[in-house]
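# Observations on chain architecture
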Amino acid sequence: MIKAKQSTLCSPKNPRVWPLSALALATALSCALPSQAQSISADEKQELAALRATTQALIEALVGQGLITRERADAIVKQAQQQGAPGAAQWGTPLAATAGAAAGAGAAQKVVRVPYVPETARQQMRDEIKTEVLAQAKSERWGEPGAMPDWLGRIRIGGDMRVRAQGDMFDDGNVPASVYRAQTSSPAWAPDLSNTNTNRERMTLRARLDVDALLSEQVQAGMRLSTGGLTGPTSTSQTLGGNGGGFNRYSLTLDRAWLHWQPPVGFQGLSADFGRMPNPFYSSDLTWSDDLNFDGVAANMKHYVSPQQGFFANAGLFALEELNLSSRDKWLLGAQVGGEFTLAKGTQLKLGLAIYDFKHIEGVRETDPPPSGPRAGTVNYFSSQYSAGWRQKGNTLININDPTSVAAPTWGLAPKFRPVNVTAGLSLDALAPVMLNFNLDVVKNTAFDLADIRARSGMSLSDSSSKLEAKTLAVQARVQAGSAKLAKRGDWQSFITYRYMERDAWVDAFTDTTWHLGGTNYKGWSLGTNYAFDRNFWLSGRWTSSRNLDDKVRFLAVPGDPTSVSGNLSSAPLRIDVIQLDLNARF
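Being a predicted model, the structure only gives us computed values, none of them experimental.

## Comments concerning the overall build of the protein chain
- A count of helical and extended segments in the protein chain gives seven helices and 21 strands.
- A buried classification covers 39% of the 587 residues belonging to the protein chain.
- In the form shown here, the protein chain has an accessible surface area of approximately 31,400 Å², with 59% of it arising from carbon and sulfur atoms.

## Re helix α7 (residues 450–457)
- Of all the residues in α7, the buried ones are Asp452, Ile453, Arg456 and Ser457. The buried residues of α7 occupy an angular sector of 120 degrees when the element is viewed end-on, so they sit on one face. Seen from the buried face of α7, the exposed residues on the opposite side, beyond 90 degrees, are Ala451 and Ala455.
- Against β11 (397–399) and β12 (411–413) lie the buried residues of α7.
- If you check the start of α7, you find a side-chain oxygen 3.1 Å away from the backbone N of Ala451, and it comes from Asp449.

## Comments concerning the pattern of salt bridges
- Per the stated rule, a full pass over the model turns up 23 salt bridges.
- Arg206 is the partner of Asp160 in a salt bridge, and the nearest nitrogen-oxygen pair spans 3.6 Å. In this pair, Asp160 is assigned in strand β1 (residues 155–170) and Arg206 in strand β2 (residues 200–214), connecting sequence segments 46 residues apart.
- Exposure remark for Asp160: the relative accessible area of 12% places this residue in the buried category.
- Note that Arg328 and Glu362 form a salt bridge whose closest N and O atoms lie 3.6 Å from each other. One end of the pair, Arg328, is in the loop between β8 (309–321) and β9 (330–344); the other, Glu362, is in the loop between β10 (347–359) and β11, with 34 residues separating them in the sequence.
- In this structure Arg328 comes out as partly exposed when scored by relative accessible area, which is 41%.
- Each of Asp160, Arg206, Arg208 and Asp291 takes part in a single network of salt bridges with overlapping partners.

## Here's the deal with the nonpolar core
- Residues Trp288, Phe294, Tyr356, Phe358, Trp506, Val507 and Phe510 are the most contacted members of the largest nonpolar core, which totals 31 residues.
- If you list the elements that add at least two residues to this core, you get β7 (294–306), β10 and β12.
- It is β10 that provides the largest number of residues to this core, a total of three residues.
- In contact with Trp506, other than residues within four places in its own chain, are Thr287, Trp288, Tyr356, Phe358, Asn395, Phe417, Pro419, Val443, Met501, Thr511 and Thr520.
- Of all hydrophobic cores here, the second largest spans eleven residues; its members include Val175, Ala190, Leu569 and Ile576.

## A word on the packing of aromatic side chains
- For the coordinates displayed, the defined rule picks out 20 aromatic pairs.
- Between Phe281 and Phe294 the ring centres are 6.2 Å apart and the planes differ by 65 degrees, which places this aromatic pair in the edge-to-face class. Note that Phe281 is positioned in the loop between β6 (271–277) and β7 and Phe294 in strand β7, a separation of 13 residues in sequence. In this pair, the class of Phe281 matches that of Phe294, namely buried.
- Ring centres of Tyr381 and Phe382 lie 4.6 Å apart, and the angle between their planes is 55 degrees; this geometry places the pair in the tilted category.

## A look at empty space enclosed by the protein
- For the coordinates displayed, the defined rule picks out three cavities of 30 Å³ or more.
- Here the largest cavity is characterised by a volume of approximately 70 Å³.
- Around the largest cavity, the lining comprises 13 residues; the ones closest to its centre are Ala190, Lys393, Gly394, Asn521 and Asn548.

## Topic: the environment of Ala572
- Counting through the fold element by element, Ala572 comes out in the loop between β20 (565–567) and β21 (575–586).
- Residues Ala572 and Tyr180 lie 392 residues apart in sequence; the distance between their C-alpha atoms is 9.5 Å.
- Here Ala572 is in contact with Val175, Tyr180 and Asn548, once residues within four sequence places are set aside.

## Quick look at the environment of Thr529
- Structurally, Thr529 is set in strand β17 (residues 522–534).
- Residue Thr529 is classed as partly exposed on the basis of its relative accessible area, which comes to 39%.
- For the pair formed by Thr529 and Gln493, sequence separation is 36 residues and the distance between their alpha carbons is 5.5 Å.
- In terms of polar contacts, Thr529 uses its side chain to reach the backbone carbonyl oxygen of Gln493, at 3.0 Å.

## Here we look at the layout of surface pockets
- Put simply, the second largest pocket is a space of about 540 Å³.
- Elements supplying a minimum of two residues to the lining of the second largest pocket: β5 (253–261), β7 and β8.
- When grouped by side-chain class, the residues that make up the lining of the second largest pocket number twelve nonpolar, nine polar and four charged.

## Here's the deal with the pairing of β2
- When β1 meets β2, the two strands line up antiparallel, connected through 14 bridges. Residue pairing for β2: Gln166 is matched across the bridge by Arg202.
- With two bridges connecting them, β2 and strand β4 (residues 238–239) associate as antiparallel partners. What sits directly across from Leu205, in β4, is Gln238.
- Examined bridge by bridge, β2 and strand β3 (residues 219–226) share seven bridges and lie antiparallel to one another. Of the residues in β3, the one forming a bridge with Val211 is Met223.
- What sits between the antiparallel neighbours β2 and β3 is a turn of four residues.

Reading the values: the criteria
- Residues numbered from 1 in each chain as written.
- Predicted model: local features only at pLDDT ≥ 70, side-chain atom pairs only at ≥ 80, totals over all residues.
- Heavy atoms only, no water.
- Helix = DSSP H or I, 4+ residues; strand = E, 2+ residues; numbered from the N terminus.
- Buried < 20%, exposed > 50% of the residue type's maximum accessible area, 1.4 Å probe, protein only.
- Areas by Shrake-Rupley, 256 points an atom, 1.4 Å probe, with all protein chains shown as cover.
- Arc of directions from axis to C-beta.
- Contact = heavy atoms within 4.5 Å.
- Polar contact = N/O pair within 3.5 Å; in protein donor to acceptor, adjacent residues only side chain to side chain.
- Salt bridge = Lys/Arg side-chain N within 4 Å of Asp/Glu carboxyl O.
- Core = buried A, V, L, I, M, F, W, Y, C linked by side-chain atoms within 4.5 Å.
- Phe/Tyr/Trp six-rings, centres within 6.5 Å; stacked < 30°, edge-to-face > 60°.
- 1 Å grid on protein atoms, 1.4 Å probe; cavity = no way out; pocket = protein on both sides within 12 Å on 5 of 7 lines; lining within 4 Å.
- Points joined across faces, edges and corners; volume = space filled by probe spheres on them.
- Nonpolar A, V, L, I, M, F, W, Y, C, P; charged D, E, K, R; others polar.
- Pairing = 2+ DSSP bridges.

Next up, the structure:
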């Protein structure tokens, strides 16, 4: 006699059926078929036989796809066979029958109960298992030739390479570098110059490898390795034949490593970056070098009120230098607002207004001699110096040694820096496919204060030989014509740029190293063109010509001798022409 008992395992009240649990149940049912064959009708035999074949085929498929191991599959079958064996305690078997079987071997079992699963429940089990297996197969791309795991699809590897031939040509009328290096008193300019008269030809290499990973819908991670060593923050070029020469190898450095987060709150365009990141501000190379990256935290917001009009805001806090023995660490605070507007069909305007505050980077003259004996290295001293590892040339410097010192000068920045930067870009496609781009960049350092400089330097800075004036303006205008980007064979771009940069408009440490070979206090032109020979492969040529600005301050080097008229080294003749020819590749 067979008494049916409906299973609730796959009922609508319990929808969360784990595939392996359902598989185990189906296996048990299929394995019970031989032992109960005499008590089951022909139709039921056929149904259970089909269920057994389906279950075994599914087990083999799961093993073949690596979802379960062969050992786990064998264990499931063995467990089901034990549960389906005659005399075994089975679901629905009376306890008395089980006890009787244990006490007396061969006792006839008159009532046998087997689990009965309705056709609707069996169909639900098959559908659920099929749905989950197919979903996993689709996500992991089973059966696709050469298919890679899903996590590899969330990682992008790219980079670029540039091989450059460069010539630096110096005018014969330039003041010798030894004159700059002889400076010992305040104010001073460019005391690190080592070459102002000897032309230089060289080849350089830049290689950068980027790895970006999409961790989730909200979080991304990025990393970049690059050439360039640790010689400065604004260039990733490696001079071929450098690093000791003799085909010596070159080093790779960690150029970027940051997390990008788009929280699911607020504006849809809200995001934040953490770590060593790309430039988060809308700017040009008048202010920040293209190779420069930022250490700290930045927040960005974009909001479009219509397809033709949008606004953005950027802000950040960045570490410039952490000091071990001083609480006056050096920081950069930056904030920017701007907008993007479609003025007419094919005409777009982008504007940005930024203010930057460089905290604690100005020099302060020491009042006491350097600590000696046990105190040396345990107290704060020279924390305000402008490190030679940062500075380039152009900014006004002061000697921060104590007044009694006869040691070589230690230089600090004379002015404070709180520049305001206006950046504008206009794009026109009236001559498409030739694009026209016009860019204007203006910088004004609003923190220059002569009284403050006098107080920190301990100098009057008012006599004829040390007279100091505010030179705090920088302007750049650029026009470019050609393809929107260099992506395929035949794409081209040409540009012309004019730049005027006074000595204390911007911190010279972060400027582009092509113009005037880095730094501030010059004016000049740059002409260039790019042509793509193939997809992501192009040739670039550029000529940049610049010369020092003259502040018109004059004095008599020999008092009383009218023939000894001279000026400060900020106005000294320094003309430089730079010619560059590049082969570029991107992948």
